[in-house]
Amino acid sequence: MASNRLVCRECHLVNDADAETCASCASSSLTEDWAGYVVIAHPEESDIAAEMEVTKPGQYALKVR
Ligand SMILES: [Zn+2]
């Protein structure tokens, strides 16, 4: 996965590299400085999702700086 994709600092969603706002929460606080790629398909069944407070299925970053 290319690391130049932009991750939202608010919800950790992985957005396209040319995104200007987050597709999930519409925040404009996006960063290329992130690590750990995780796909959450069933947030209601996922411990990681609960820990990250993710409620929507999608691609997320574990660490955002
Ligand atoms: Zn977001």
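That block above? That's the structure.
Residues numbered from 1 in each chain as written. Predicted model: local features only at pLDDT ≥ 70, side-chain atom pairs only at ≥ 80, totals over all residues. Heavy atoms only, no water.

A. Inspection of the overall build of the protein at higher detail. The number of helices and strands found in the protein is one helix and five strands. Here the C-alpha atoms of the protein give a radius of gyration of 11 Å, agreeing with the 11 Å that 2.2 N^0.38 yields for 65 residues. Each of the three principal axes of the protein carries a C-alpha extent, and together these read 30 × 20 × 20 Å. The 65 residues of the protein split such that 34% are buried. Residue pairs in contact within the protein that sit at least 24 positions apart in sequence constitute 40% of those at least 6 positions apart. Taken as a whole, the protein presents about 4,200 Å² of accessible surface, with 46% of it coming from carbon and sulfur. Of the charged side chains in the protein, 5 are positive and 11 negative, and the gap between their average positions amounts to 6 Å. (Helix = DSSP H or I, 4+ residues; strand = E, 2+ residues; numbered from the N terminus. Rg over C-alpha atoms; globule rule 2.2 N^0.38 Å. Buried < 20%, exposed > 50% of the residue type's maximum accessible area, 1.4 Å probe, protein only. Contact = heavy atoms within 4.5 Å. Areas by Shrake-Rupley, 256 points an atom, 1.4 Å probe, with all protein chains shown as cover. Lys, Arg positive; Asp, Glu negative; His and termini not counted. Charge placed at Lys NZ, Arg CZ, Asp CG, Glu CD.)

B. Spotlight on the sheet that holds strand E3 (residues 30-31). Taken together, the three strands give an open sheet; going across it, the order is E2-E1-E3, and neighbouring strands pair in antiparallel fashion. The open sheet has two edge strands with one neighbour each: strand E2 (14-15) and E3. Of the pairings in the sheet, the one linking strand E1 (residues 6-8) to E2 comprises two bridges and is antiparallel in character. Its bridge partner lying in E2, Leu 6 is registered against Asn 15. (Pairing = 2+ DSSP bridges.)

These results come straight from atomic positions and should not be treated as a statement about function.
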